Amino acid sequence: MGSTALDTDFFRRWLTIAAAAVDREADRLTELDSAIGDADHGTNMRRGFAAVTEALEKDPPRTPGALLVLAGRQLISTVGGASGPLYGTLLRRTGKALGEAAEVTPGQLAEGLRAGVAAVAQLGGAAAGDKTMLDALEPAVAALDESFEAAARAAEEGALATVPMQARKGRASYLGERSIGHQDPGATSSALLIATLAQAAGSTPEGPAVAG
Ligand code: ADP
Ligand code: MG
């Protein structure tokens, strides 16, 4: 993993790209949730991330930590579904781990996100293999020490790996064996969020970072 410092603008860029991706993919997320849930995951995520971008514009935070804490708070207060408090906790806990520094290293972000993912597991009482967002998030944060791209690949693979799993947590668990054969919506949105993290890291405010 590189040593480029990540400033507040990097995190603003990440969540702005993430909000656009969530908006674009909302129908697919809701479709996945209609198979094993209550068909609202895309709507929930869209509402939450719209509130995040609005809050970031209205009251621009001055540090990466403050930005993530504010974003997490928005998700908790605007998303009714289980995913709101879970993603909100992920961002808030990560933000708290980053403290008040003006910039953080990728290694510090990886550590922070690992604390955030641990908080998600604690809040939801779930572990990898339960067919939840953790099946994408845990491999992603484990691969973060390698690179953002490796984390994005691990999250995508983790989301795909939920297809043959039987859900043991959340609404999908009510279906028992009938939850098998469907990709978990939350693992899918997690893969999307990690993919946009890699996109934010691979781009500069001026445009994509290309060699030469
Ligand atoms: P709801 O299930 O309340 O309708 P969403 O549809 O927005 O909320 O989100 C569903 C997703 O939340 C699931 O696909 C799963 O990934 C995640 N999820 C649900 N319960 C848990 C849990 N206890 N731990 C971790 N993730 C969970
Ligand atoms: Mg739902």
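These lines cover the structure that appears in this document, whether it is placed above or below. Keep in mind that what you see is a predicted model, and the values were worked out from it rather than measured.

The rules we used
- Residues numbered from 1 in each chain as written.
- Chains lettered and ligands numbered in written order.
- Predicted model: local features only at pLDDT ≥ 70, side-chain atom pairs only at ≥ 80, totals over all residues.
- Heavy atoms only, no water.
- Helix = DSSP H or I, 4+ residues; strand = E, 2+ residues; numbered from the N terminus.
- Rg over C-alpha atoms; globule rule 2.2 N^0.38 Å.
- Buried < 20%, exposed > 50% of the residue type's maximum accessible area, 1.4 Å probe, protein only.
- Contact = heavy atoms within 4.5 Å.
- Areas by Shrake-Rupley, 256 points an atom, 1.4 Å probe, with all protein chains shown as cover.
- Lys, Arg positive; Asp, Glu negative; His and termini not counted.
- Charge placed at Lys NZ, Arg CZ, Asp CG, Glu CD.
- Expected span 1.5 Å × (residues − 1).
- Near = heavy atom within 4 Å.
- Polar contact = N/O pair within 3.5 Å; in protein donor to acceptor, adjacent residues only side chain to side chain.
- Nonpolar A, V, L, I, M, F, W, Y, C, P; charged D, E, K, R; others polar.
- Donors = N, O, S within 2.8 Å, 3.2 Å for Na, K, Ca; no water.
- Salt bridge = Lys/Arg side-chain N within 4 Å of Asp/Glu carboxyl O.

**Quick notes on the overall build of the protein**
On a plain count of helices and strands, the protein comes out with 8 helices and 4 strands. Its helices and strands taken in sequence order, the protein reads β-α-α-α-α-β-α-α-α-α-β-β from the N to the C terminus. Radius of gyration (C-alpha) of the protein: 16 Å, near the 17 Å computed for a compact globule of 212 residues. Looking at the 212 residues of the protein, the share that counts as buried comes to 52%. For the protein, the share of sequence-separated contacts (at least 6 apart) that also reach a separation of at least 24 residues comes to 68%. Element-wise, carbon and sulfur atoms account for 52% of the exposed surface of the protein, whose accessible area totals about 9,700 Å². Charge-centre separation for the protein: the mean point of 19 positive side chains lies 5 Å from the mean point of 26 negative side chains.

**Comments concerning the side chain of S190**
Note on placement: S190 falls in helix α8 (residues 185-201). When near neighbours in sequence (up to four residues on either side) are disregarded, S190 contacts Y87, M133, A136 and L137.

**Comments concerning helix α3 (residues 64-78)**
Over its 15 residues, α3 extends 21 Å from the first C-alpha to the last, a length consistent with the 21 Å expected when each residue adds 1.5 Å. Along α3, the residues that are buried comprise P64, G65, L67, L68, V69, L70, A71, G72, Q74 and L75. Those residues of α3 hidden inside the fold are in contact with β1 (6-7), α1 (8-36), α2 (41-58), α4 (83-98) and β2 (103-104).

**A look at the site of ligand 1**
In the vicinity of ligand 1 there are 20 residues, among which H41, N44, A82, S83 and D184 approach most closely. For ligand 1, an oxygen atom lies 3.0 Å from a polar atom in the side chain of D40. The contact in question runs from an oxygen atom of ligand 1 to an N or O atom on the backbone of G186, over 2.9 Å. Protein contact buries 92% of the 560 Å² of open area that ligand 1 shows by itself. Within the residue set of the shell around ligand 1, elements represented by two or more residues are α2, α4 and α8. In the shell around ligand 1, the residues fall into 6 nonpolar, 8 polar and 6 charged.

**What about the coordination of the magnesium ion (ligand 2)?**
Summarising the metal site, the magnesium ion (ligand 2) is bound by the protein donors D33 (OD), D38 (OD) and D40 (OD), whose distances to it range over 2.0 to 2.2 Å. One chain supplies every donor for the magnesium ion (ligand 2), spaced along it as D-x4-D-x1-D. D40 gets classed as partly exposed once you look at its relative accessible area, which sits at 22%.

**A short note on the pattern of salt bridges**
Applying the stated criterion to the full structure yields 7 salt bridges. As a salt-bridge pair, D23 and R46 come within 2.7 Å of each other at their nearest N and O atoms. Taken together, the residues D23 in helix α1 and R46 in helix α2 connect sequence positions 23 residues apart. Judged by relative accessible area, which is 41%, D23 ranks as partly exposed.

**Re the environment of S203**
Within the secondary structure layout, S203 lies in strand β3 (residues 203-204). On the basis of relative accessible area, S203 is assigned to the buried category, the value being 17%. Through-space distance from the C-alpha of S203 to that of R13 is 9.2 Å; in sequence the pair is 190 residues apart.

**Some details on unusual backbone geometry**
With a phi angle near 60°, A39 is a residue other than glycine that sits in the positive phi range. Inspection of the secondary structure puts A39 in the loop between α1 and α2. Classification of A39 by relative accessible area gives partly exposed; the value is 36%. Look at K131: it is not a glycine, yet its phi comes out positive at around 65°. Looking at where K131 falls in the secondary structure, it is placed in the loop between α5 (106-124) and α6 (134-143).

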